Amino acid sequence: MTSALQKNRPGAAFPFDNSYVGLPPHFFAAQAPTAVAEPWLIKLNEALAAELGLDVEALRRDGAAIFSGNLVPEGAEPLAMAYAGHQFGGFSPQLGDGRAILLGEVVDRSGKRYDIQLKGAGPTPFSRRGDGRAAIGPVLREYMISEAMFALGIPATRALAAVTTGEPVYREEVLPGAVFTRVAASHIRVGTFQYFAARGDTDGVRALADYVIDRHYPALKEAENPYLALFDAVCERQAALIARWLHVGFIHGVMNTDNMTVSGETIDFGPCAFMDAYDPATVFSSIDQHGRYAYANQPGIGQWNLARLGETLLPLIDAEPDSAVDKANAVIKSYGERFQAHWLAGMLEKIGLAGEEDGDLDLVQALLSLMQAQGADFTLTFRRLSDLAGDDAAEPEFAASFREPDACGAWLTQWRERLSRDPQTASERAIAMRSVNPAFIPRNHRVEQAIEAAVDNGDFSLFEALLSVLSKPYEEQPGFAAYREPPKPSERVLATFCGT
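Let me sum up the structure you'll find in this document.

### Some thoughts on the overall build of the protein
Summing up its helical and strand segments, the protein has 15 helices and 12 strands in all. Here the protein has a C-alpha radius of gyration of 23 Å; the compact-globule value for 500 residues is 23 Å, and the two agree. The C-alpha extent of the protein, read off along each of the three principal axes, is 70 × 60 × 40 Å. Within the protein, the fraction of its 500 residues that count as buried is 57%. Here the protein displays about 19700 Å² of accessible surface, and carbon together with sulfur accounts for 52% of that area. Averaged over its 44 positive side-chain charges, the protein has a centre that lies 3 Å from the centre of its 65 negative ones.

### With respect to the pairing of strand β10 (residues 174–184)
Extensive coverage of β10 is indicated by the burial of nine of its 11 residues. As paired elements, strand β7 (residues 113–119) and β10 share five bridges and run antiparallel to each other. Bridge pairing links Gln 117 to Arg 182 in β10. Here strand β8 (residues 134–135) pairs with β10 via two bridges, running antiparallel. By the bridge assignment for β10, Ala 134 is matched with Ala 178. As paired elements, strand β9 (residues 158–170) and β10 share nine bridges and run antiparallel to each other. Residue pairing in the sheet places Tyr 170 in a bridge with Val 174 of β10. With antiparallel pairing between neighbouring strands as the criterion, β9 and β10 make up a hairpin whose turn holds three residues.

### Description of the packing of aromatic side chains
Summed over the entire model, instances satisfying the criterion amount to 21 aromatic pairs. The interplanar angle of 65 degrees and the centroid separation of 6.4 Å between the aromatic rings of Tyr 20 and Phe 27 together place this pair among those described as edge-to-face. The class for Tyr 20 is buried, based on a relative accessible area of 1%. Judged by relative accessible area, which is 0%, Phe 27 ranks as buried.

### Considering the pattern of salt bridges
Counted under the stated rule, the structure contains 34 salt bridges. Among the ionic pairs, Glu 395 bridges to Arg 416, the shortest N-O distance being 2.9 Å. Of this pair, Glu 395 sits in helix α11 (residues 395–399) while Arg 416 sits in helix α12 (residues 409–419), and the two are 21 residues apart along the sequence. For Glu 395, a relative accessible area of 29% puts it in the partly exposed group. In the salt-bridge network here, residues are joined through shared partners; they are Asp 17, Glu 105, Arg 113, Asp 115 and Arg 215.

### Considering helix α6 (residues 226–247)
For α6, spanning 22 residues, the distance from its first C-alpha to its last is 32 Å, which sits close to the expected 32 Å at 1.5 Å a residue. The buried fraction of α6 is high, at 16 of 22 residues. Just downstream of α6 lies Gly 249, where phi reads positive at about 75 degrees.

How each quantity is defined
- Residues numbered from 1 in each chain as written.
- Predicted model: local features only at pLDDT ≥ 70, side-chain atom pairs only at ≥ 80, totals over all residues.
- Heavy atoms only, no water.
- Helix = DSSP H or I, 4+ residues; strand = E, 2+ residues; numbered from the N terminus.
- Rg over C-alpha atoms; globule rule 2.2 N^0.38 Å.
- Buried < 20%, exposed > 50% of the residue type's maximum accessible area, 1.4 Å probe, protein only.
- Areas by Shrake-Rupley, 256 points an atom, 1.4 Å probe, with all protein chains shown as cover.
- Lys, Arg positive; Asp, Glu negative; His and termini not counted.
- Charge placed at Lys NZ, Arg CZ, Asp CG, Glu CD.
- Pairing = 2+ DSSP bridges.
- Phe/Tyr/Trp six-rings, centres within 6.5 Å; stacked < 30°, edge-to-face > 60°.
- Salt bridge = Lys/Arg side-chain N within 4 Å of Asp/Glu carboxyl O.
- Expected span 1.5 Å × (residues − 1).

The quantities given are spatial measurements derived from coordinates; they are silent on function.
Below you can see the structure in the form of structure tokens.
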């Protein structure tokens, strides 16, 4: 560790217990954050800090300096992780943390281990001529959407803090700089495995797989074939995760292999967005010119990415190559069945069914087809259906979701006939539906309004208001009813952008 990293350390605000730094040296590069001119703390997630066992008072006092990288806290061992990845189908053998620095790890009050990472903390050996910095817009976007995902109950990285740097960053225009502090179960990706496999470093793949099993899947150590069991477990978590994305209309935007974690958390909220009007071909990412990562393509891309993970594990799965391929292919094939099961189970909950019958898939698909043909808003339609499940008087409002209100009559007749065989009472059903059909999502136009106010005027009031609303997505919140509404035509956000 360099002497520069020993300077100006505050007290033990973080009870660091670092493990990744114990892996072989070629897994990462030791790297201190680069100091900034005038840091200012935009937001500290005090509730999360307390859950992680951090010293909240110390973070209130020193947070601007710590979360900007100006002060490296006691016990931190800053590093940039090495990884590779397929980006829009093309393989890059070396990517790595080009603007992110892992300060270290903490074990929370329940015994779970988490990474604490600064994003936008300056250049690293993996920066590839980049400046290693972040602009305030992508920092605020990641803060809002990662916390919204958490409130929705979807596994995701968390936001611990956001700071401004007092320095500009130069993109297509000059923008205020910022640093985001991300909390993750780990930052190990499919691309991390690819980094070592691309170099023919089977020992590195094995060391990484053993570390992942120890950290995320300890029960697998007793499996007959731990590495095949690891592949199976990662596939299961990703099948469940991507199904959850589709249930709330989430579009990741950059499902590269370096953006898929082996822990099963959603990571990297650059050009992501939530769908307004239902259309399975929806794409927001400005860099996804051919719709590779469109809403409906996400399950298949998940399977493609996992196949790349399987390729890296083949030498560990079986010493005989053909046998290894057969075993890995069986797991990949099962992914599709698992995804479909998770997706259908969630969709049945969204339309109020406690069990499954033949024909239920057709009922779900018929509603989605109707929504697409009628330009119905994804989130509002399911929330209004939740209201209708408990009160027939809500039918006009549900029908108003469609361009032609009468168009939903035939589907409603089928739905009600199916509900007649469901064991729940109307009240029970409505409560259950409201627990899975959010009233509030991070509407793209609301997110952009909050970012614009911060960038143009230094006004974070819209950011704070949206965070508050999104923290309770399944509650009615009558005072914030406007936040439920889809954008007016003039407010529509048609493209979102990568944070780099």
